[in-house]
Amino acid sequence: MIDTHAHIYANEFDNDREEVVQRALAQGVEQILLPNIDLESIEPMLATEAQFPQVCRSMMGLHPCYVDGNVKHSLEVIHSWFAKHNFIAVGEIGIDLYWDKTYRAEQEMAFVTQLNWAKELQLPVVIHTRDSIQETLALLSKEQNGTLSGVFHCFGGSLEEAKAINDLGFHLGLGGVSTFKNGGMDKVIPHLDMDYVILETDCPYLAPVPHRGKRNEPAYTSLVAQRVADLRDMTIEQVDTMTTQNAKTLFRL
Ligand SMILES: [Zn+2]
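What counts, and at which threshold
- Residues numbered from 1 in each chain as written.
- Predicted model: local features only at pLDDT ≥ 70, side-chain atom pairs only at ≥ 80, totals over all residues.
- Heavy atoms only, no water.
- Disulfide = S-S within 2.5 Å.
- Buried < 20%, exposed > 50% of the residue type's maximum accessible area, 1.4 Å probe, protein only.
- Helix = DSSP H or I, 4+ residues; strand = E, 2+ residues; numbered from the N terminus.
- Polar contact = N/O pair within 3.5 Å; in protein donor to acceptor, adjacent residues only side chain to side chain.
- Contact = heavy atoms within 4.5 Å.

## Points about the state of the cysteines
Linking two cysteines covalently via their sulfur atoms produces the bond known as a disulfide. By the definition in use, this model includes zero disulfides. The closest cysteine sulfur to the non-disulfide-bonded C56 is located on C203, 9.7 Å from its own sulfur. Residue C56 is classed as buried on the basis of its relative accessible area, which comes to 1%.

Laid out in structure tokens, this is it:
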């Protein structure tokens, strides 16, 4: 399995990062993909990748919740990193209208700017949306020239939204939300196109049932896989094989 979205460089893991990676490997999670957040997360992310070079791969991007009045400077610094290091994706990027709409225009500018980096660098993008799937799809469809690929991470939307995302050539990242009883995903997951499904945790956030509310970790990717298997009448091995292949193709692993 591949945990395609994990913040194990966060300080929540400072006391037991080695054990967390060992538990993931023991659970069959062979690769852990690290999305960047802002300027402060770059150093711990790259240190974590260097500590586990066989397992961890980094992305580079500016998360919409960290777009503020300094966005131009942040983007300059983040862009400069692509010349210094190999990254598997531009991420995580996107639009978040849940917490704060103050910098909405700046968020849109940062998102479109980073989509254009992805085109130049020929890298997939990892997209974060919250209360903003329609806005994000509108911007993405304007920028989609046939070369953009990527994933809407932490997908918890409707089947119609899933189809619109797939129609633009984009994948769906399923995580802990898929296991929530009140999440509504039991109605959606059985009908998804499995060619576009990849697995993730988004740890330390959004731990799947039965760890909901506690710290999440990459080993729990298997709980998401089991949930997808149960809802689709598949074995966990089948879900593992399909989603791992999808992730390998998308991120060229
Ligand atoms: Zn994230």
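Now that the structure has been shown, we can carry on.
## Some points on the side chain of T179
Of note, T179 is situated in the loop between strand 7 (170-174) and strand 8 (197-199). On the basis of relative accessibility, which here comes to 5%, the residue T179 falls in the buried class. Reaching out from T179, the side chain makes a polar contact with the backbone oxygen of G176 at a distance of 2.7 Å.

## Quick look at the side chain of H5
Its location among the elements puts H5 in the loop between strand 1 (2-3) and helix 1 (17-26). Within polar-contact distance, the side chain of H5 engages the side chain of E92 at 3.0 Å. Sequence-distant contacts of H5, defined by excluding residues within four places in its chain, comprise L33, P35, E92, V126, H153, E200, T201, D202 and C203.

## Things to note about unusual backbone geometry
A cis amide bond links G91 to the next residue, E92, at an omega of 0 degrees. Here E92 lies in strand 4 (residues 90-96). Unusually for a residue other than glycine, D233 sits at a positive phi of about 60 degrees. Looking at the secondary structure, you find D233 in the loop between helix 7 (221-232) and helix 8 (236-251). Given the relative accessible area of 75%, D233 is considered exposed. For R252, which is not a glycine, the phi torsion comes out positive at approximately 50 degrees. By the element assignment, R252 lies in the segment after helix 8. For R252, a relative accessible area of 55% corresponds to the exposed category.

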